[in-house]
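Examining the three-dimensional arrangement
In case you want the letters, here they are:
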Amino acid sequence: MKYPKIPLAQTVVQLLKAKNIQHIVLSPGSRNAPLTIGFTYNTFFKCYSVVDERCAAFFAMGIAQQIQQPVAVVCTSGSALLNYYPAVAEAFYSNIPLVVLSADRPKHLIGIGDGQTINQEHVFKNHILYSANLKQDLNEENKLEKDNLPIIKSIENKIEKYLELQETIQNYNEKEINTALNISISKNGPVHVNIPFNEPLYDIVEELTVSPQLMPIKESNLEIENLEAFKTIWKASKRKLVLVGVNQPNSVAQKHLDSLAEDDSVLVLTETTSNIHHHKFIPGIDKLIGAFNQDDFKKLQPEILLTFGGLIVSKKIKKFLREFKPKHHWHVGEHNANDTFFVLDKVFKTSVNTFFSNFLENTTTVKSDFNPYWLAQFNNRRKNHKTYMEAIPFSDFQVFNQLLSTIPDNSILQVGNSSAIRYTQLFDLNKTIKVFCNRGTSGIDGSTSTAIGTAAIAQEQTVFITGDLSFFYDSNALWNKYIPNNFRIIVINNSGGGIFRILPGHKNTSNFDEFFETKHNLTAKQLCSMFNFEYAQASSEIDLTENLQHFYTKSEKPKLLEVFTPSKINDEILLNYFSKIK
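Figured I'd write up the structure that's included with this text. (Residues numbered from 1 in each chain as written. Predicted model: local features only at pLDDT ≥ 70, side-chain atom pairs only at ≥ 80, totals over all residues. Heavy atoms only, no water.)

A separate point is the overall build of the protein chain. In terms of helices and strands, the protein chain carries 22 helices and 19 strands. Over its C-alpha atoms the protein chain spans a radius of gyration of 27 Å, differing by no more than 12% from the 25 Å that the globule rule assigns to 582 residues. Its C-alpha atoms put the protein chain at 90 × 60 × 45 Å along the principal axes. Within the protein chain, the fraction of its 582 residues that count as buried is 55%. Put simply, 77% of the contacts in the protein chain that link residues at least 6 apart link residues at least 24 apart. Summed over all atoms, the accessible surface of the protein chain reaches about 25800 Å², with 50% contributed by carbon and sulfur. Of the side-chain charges in the protein chain, 59 are positive and 59 negative, and the distance between the mean point of each set is 5 Å. (Helix = DSSP H or I, 4+ residues; strand = E, 2+ residues; numbered from the N terminus. Rg over C-alpha atoms; globule rule 2.2 N^0.38 Å. Buried < 20%, exposed > 50% of the residue type's maximum accessible area, 1.4 Å probe, protein only. Contact = heavy atoms within 4.5 Å. Areas by Shrake-Rupley, 256 points an atom, 1.4 Å probe, with all protein chains shown as cover. Lys, Arg positive; Asp, Glu negative; His and termini not counted. Charge placed at Lys NZ, Arg CZ, Asp CG, Glu CD.)

So this is what it looks like as structure tokens:
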């Protein structure tokens, strides 16, 4: 087998293999050549080549999101590393394991005006779980640079000292790499390993020259605390609200969900990204509370708010719970808890299943009309929702109604941010569909790349629904040779950032059109031609219905369906919806 000659590159590659980190997303460069050689010549690794580093990082994140294991991204020195930042931030807030491996120049070449050189150490310091800044090997090519090598008169002493220093550097690097990888694995988040290499960078050897030591992950001691006091408060409360954020599919045992559903004093609110279903849960938060008055909010105000999962999409539920505060807010989860509603008073730092196994055990249900009342209200809104959808003209809302009802069973649905995820929240989805969205930072910048990462690794068909601005923003995502033929993209093109029409502002002015809505006349047709996608378009309900009949069938290319909708009626249709369905 072929290996990079540089011991530090060998060390990095061997330790990733030892930690079973198999998926490596590489972006081309010279300074990272030792790593590229090490990964691509080793058949253990599944390597991907993605030129655009921003796309590469989100692509890697899409893979990690599905396999729930670290995926590594590898780049050269300089600004290439900075292009990872949006995905690093998303991984940080979404608890997705991402390992950033950045090649760097030696210290003596930094800050002297050398090309493709920036200060890379701790570059992600506010959005990273760990930064490992490795030390350069002392070898025949660089040992005279005297970074830390004292002047030694005796040749024998000099050789001995040199070997001693190299061993110290090797031990330090092994410890730092192990620590970073262990943290990413155990805490599900991004880590950064910065790796200095000196030239020559392309030399290859036939045998390994180092055997790095593997440091095991320390056992986590998340012991469940005594819950009796909290059980007492729970049993005494007649209005308990359980709010579920972003959640991996099938991660919460059904028996715990059934226990919550059996208690009439418990109302469970979920979002599409919760991936949790039960006929006694409410899966459309904004559908329920969108047209509430003060009396409605007072009726819904809980005594206890119990949350688990990731970040919440609904702004309406955040506003409600910040104004009508519960007496207690308890959060369950192994990661950091957010005081989203400014009343968090208890964090149970354990897994959701462990918590419910202990908390719901021997807990009696409480007689209450809390769940039955609000479930009846919600079911009434469901009926009115159907009536409203039948009455409205062709628009963004009507398009989502058609799209979400035709996605095949057992698909993976990736949803773009901004309007796309908000519309999706208003519909009851097929329970067999797994839903994902980049809600860590909620940016539009990498949704397409993330969806493609998912499609590249998933066994199921991946469907991606996005708005036009988000799609064009991340259009380089299509420059990717790993897109499977069953991948499907649906772009809702309303000629601009339609969400700004829903928000307060002075609409229908030249200033609004240019600087907020950013109106355009772009289409995806030429991009599809360039990147070998099968393209179709629709601009009416009839067009859309006809296209959807064969859109998901087997094909020799991935497909993109662009749906053109009017730009000036969508806001009115959506804003009227909430009052009409109440």
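Following the structure, the description resumes.
Attention shifts here to the sheet that holds strand E18 (residues 534–538). Strand order in the open sheet formed by six strands is E15-E14-E16-E17-E19-E18, with parallel pairing between adjacent strands. Each of the sheet's edge strands pairs with one partner strand only, and the pair in question is strand E15 (434–436) and E18. For this sheet, the mean angle separating the axes of adjacent strands, direction not counted, is 20°. Where strand E14 (residues 412–415) meets E15, three bridges bridge the pair, whose relative direction is parallel. Across the sheet, residue Gln414 finds its bridge partner in E15, namely Phe436. (Pairing = 2+ DSSP bridges. Axes fitted to C-alpha atoms, helices over the stretch in contact; angles between N-to-C directions.)

This part takes up helix H12 (residues 352–359). Within H12 the residues assigned to the buried category are Val352, Phe355, Phe356 and Phe359. Looking down the long axis of H12, one finds its buried residues gathered within 90° of arc, a one-sided arrangement. Buried residues along H12 sit in contact with helix H7 (228–236), helix H8 (254–262), strand E11 (304–308), strand E12 (328–332) and strand E13 (344–348). (Arc of directions from axis to C-beta.)

So, about a positive patch on the surface. On the surface, a cluster of positive charge is contributed by Lys315, Lys316, Lys319 and Arg422. In terms of residue count, the dominant contributor to the positive patch is helix H11 (residues 315–323) (three residues). Position of Lys315 relative to the elements: it lies in helix H11. Using a relative accessible area of 53% as the deciding quantity, one classes Lys315 as exposed. (Patch = residues over 30% accessible without salt bridge, like charges linked within 9 Å, V, L, I, M, F, W, Y side chains within 5 Å. Salt bridge = Lys/Arg side-chain N within 4 Å of Asp/Glu carboxyl O.)

Moving on, we get to the nonpolar core. Judged by nonpolar contacts, the single largest core of 46 residues is most densely connected at Val25, Tyr84, Phe471, Phe487, Ile489 and Phe533. With nine residues, the single largest contributor to this core is helix H3 (residues 53–67). Apart from the residues within four sequence positions on either side, Tyr84 is in contact with Ser27, Glu53, Ala57, Val73, Val74, Cys75, Val100 and Phe124. (Core = buried A, V, L, I, M, F, W, Y, C linked by side-chain atoms within 4.5 Å.)

Taken by themselves, the reported measurements are silent on function.
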